[in-house]
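Letter by letter, the chains look like this.
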Amino acid sequence: MLRFPLPSSLMPTSMRQDVSNLRDRLTATSQEAVTGRYSDLTAHLSGRIGTAMLGQKAIDDISQEQSRLTLREGRLDFTQRTLTVLQDSTNGLGARMQAALGSGDEAGQTSAASDAKSALSQSFTALNVRYGERYLFSGDATATPPFGSPEDLLSDIRQLASTAADAADFEAQLDTYFNTPGAGFQQTAYAGSPDSSDPDAVTGNDPAIIQVFRGLAVMALSSPDEAIPLLSGSSESASAAATTLMSGQTSLTALRADRGVIQAQISTRKDTLQIEATVLSQAFNDMTARDQYEAAADLQELENNLEASYLLTSRLSSLNLLNFLR
């Protein structure tokens, strides 16, 4: 029996449109079943779409601020750890040196000087810490390690001690070397920027760090093995260095406390943001959420309807002339 395909002009336009609509709804409902959100928020929310978009923007803004706070938190944590290393490595050294000087204990002085040199080296290494690709103690010169070899610093201080007229002259030269912008310390020891645009940062030329390095450097050279007359025996300069070191440790404690306050503020802000994000997300979800079980049921129904439509279309396309004329 001859079969003639049904001319497309005789196929109902509404059927073709229905099949197309079913496919579109199937795609949208499938997405909703996976994401749990309406695919067309504009149609779903109608006049409330502006409110929903403002809510989404607020959620996005909170997320960005949380990321920035997490970055600051990480940098501050590394900074605190480094300053702790610096402080722990120097604890008790000043008192030990002064005790040895006061009692004429040459062996104790040698031991304290050796430990001071070791602490200086350890501190230089610790302050070269990086967070990601950023050197934390280099100020704005974040791509540059702040400190090189402690031997360069010791060489400069050795020269000052060897040429100073007396203890007062030595102290004056140390003041100039360590505290004058662009002078010896910033030329020889510290390679970072003197300033930082990051208010959370601690630079390697912070007064507390400079005090510690000044005390350690002079103490390290007060060993009898160095044979520097100004620093030998019950040296006034060595005693002053021990006092400077202890003062630096006190300043380090204050510096760490300041950063601790910032850390506490960041933690409080993150907690507040988390509460805000939870409230906003709940409100946004209430407006835009699609019940996934309901979406799955609708998806099954749409698949059945589409399958039925394809079957009907197939039967219509295979009608023979006799059946068509009937």
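The structure under discussion appears in the preceding block.
The shown structure was predicted, so the numbers you read here are calculated from the model rather than taken from an experiment.

Colleague: So what exactly am I meant to see when it comes to the packing of helix 5 (residues 106-126) against helix 6 (residues 150-163) here?
Modeller: When two helices pack together, their arrangement is given by the angle between their axes and by how far apart the axes lie. Between helix 5 and helix 6, the shortest axis-to-axis distance is 9 Å and the interhelical angle comes to 130°. In terms of axis orientation, helix 5 runs oblique to helix 6. Contacts between helix 5 and helix 6 involve Lys117, Leu120, Ser121 and Phe124 on the former and, on the latter, Pro150, Glu151, Leu153 and Leu154. Across the contact of helix 5 with helix 6, the residue classes break down as five nonpolar, one polar and two charged.

Colleague: Explanation requested: helix 5 in the structure shown.
Modeller: Each α-helix turn comprises 3.6 residues. Residues three or four places apart therefore point the same way. Here helix 5 spans 30 Å end to end across 21 residues, near enough to the 30 Å set by a 1.5 Å rise per residue. Among all positions in helix 5, only Gly108, Gln109, Ala112, Ala113, Ala116, Ala119, Leu120, Ser123, Phe124 and Ala126 are buried. Here the buried residues of helix 5 occupy an arc of 155° about the axis, which is enough to place them on one side. Opposite its buried face, helix 5 presents the exposed residues Ala107 and Thr125, each directed more than 90 degrees away. Measuring from the backbone nitrogen of alanine 107 back to the side-chain oxygen at the start of helix 5 gives 3.3 Å, which picks out aspartate 105 as the cap.

Colleague: Is there a simple way to explain helix 6 in this structure?
Modeller: Compared with an ideal rise of 1.5 Å per residue, which puts 14 residues at 20 Å, helix 6 spans 20 Å between its outermost C-alpha atoms and is within 8% of the ideal. Pro150, Leu153, Leu154, Ile157, Leu160 and Ala161 are the residues of helix 6 that are buried. End-on, the buried residues of helix 6 take up no more than an arc of 120°, which puts them together on one face. Where helix 6 is buried, its residues touch helix 5, helix 7 (167-179), helix 8 (184-189) and helix 9 (207-220).

Colleague: In this structure, what is going on with unusual backbone geometry? I would like to understand it.
Modeller: Glycine aside, a negative phi is what most residues show, and trans is what most peptide bonds show. In this structure, alanine 227 is a non-glycine residue whose phi angle is positive, near 55°. Relative to the helices and strands, alanine 227 resides in the loop between helix 9 and helix 10 (236-288). Using a relative accessible area of 56% as the deciding quantity, one classes alanine 227 as exposed.

Colleague: Explain the packing of aromatic side chains here, please?
Modeller: Given two aromatic rings, one states the distance between the centres and the angle between the planes to describe the pair. This model, assessed by the stated rule, comprises ten aromatic pairs. Summarising the aromatic geometry, the rings of phenylalanine 124 and phenylalanine 213 are spaced 5.0 Å apart at their centres and angled 40° between planes, so their arrangement reads as tilted. Residue phenylalanine 124 is found in helix 5, and its partner phenylalanine 213 is found in helix 9; the two are separated by 89 residues along the sequence. The class for phenylalanine 124 is buried, based on a relative accessible area of 1%. With centroids separated by 6.4 Å and ring planes inclined at 50°, the aromatic side chains of phenylalanine 185 and phenylalanine 213 adopt a geometry described as tilted. Of the two residues, phenylalanine 185 sits in helix 8 while phenylalanine 213 sits in helix 9, which places them 28 residues apart along the sequence. An aromatic cluster of three or more residues is present, and its members are Phe124, Phe147, Tyr177, Phe178, Phe185, Tyr190 and Phe213. Positioned above the aromatic ring of phenylalanine 78 is the side chain of arginine 81, whose terminal nitrogen or guanidinium carbon lies 5.6 Å from the ring centre.

Colleague: Explain the environment of glycine 260 here, please?
Modeller: Tracing the sequence through the fold places glycine 260 in helix 10. In sequence terms glycine 260 and leucine 76 are 184 residues apart; their C-alpha atoms lie 8.4 Å from each other.

Colleague: Got a minute to help me understand the environment of proline 194 in this structure?
Modeller: On the secondary structure map, proline 194 appears in the loop between helix 8 and helix 9. Note on proline 194: relative accessible area 40%, which makes it partly exposed. Sequence separation of proline 194 and glycine 139 is 55 residues, and the distance between their C-alpha atoms is 6.3 Å. Excluding residues within four positions of it along the chain, proline 194 makes contact with Gln186, Thr203 and Asn205.

Reading guide: rules and limits
Residues numbered from 1 in each chain as written. Predicted model: local features only at pLDDT ≥ 70, side-chain atom pairs only at ≥ 80, totals over all residues. Heavy atoms only, no water. Axes fitted to C-alpha atoms, helices over the stretch in contact; angles between N-to-C directions. Helix = DSSP H or I, 4+ residues; strand = E, 2+ residues; numbered from the N terminus. Parallel < 35°, antiparallel > 145°, perpendicular 65-115°, else oblique. Contact = heavy atoms within 4.5 Å. Nonpolar A, V, L, I, M, F, W, Y, C, P; charged D, E, K, R; others polar. Expected span 1.5 Å × (residues − 1). Buried < 20%, exposed > 50% of the residue type's maximum accessible area, 1.4 Å probe, protein only. Arc of directions from axis to C-beta. Polar contact = N/O pair within 3.5 Å; in protein donor to acceptor, adjacent residues only side chain to side chain. Phe/Tyr/Trp six-rings, centres within 6.5 Å; stacked < 30°, edge-to-face > 60°. Lys NZ or Arg CZ within 6 Å of the ring centre and 35° of its normal.

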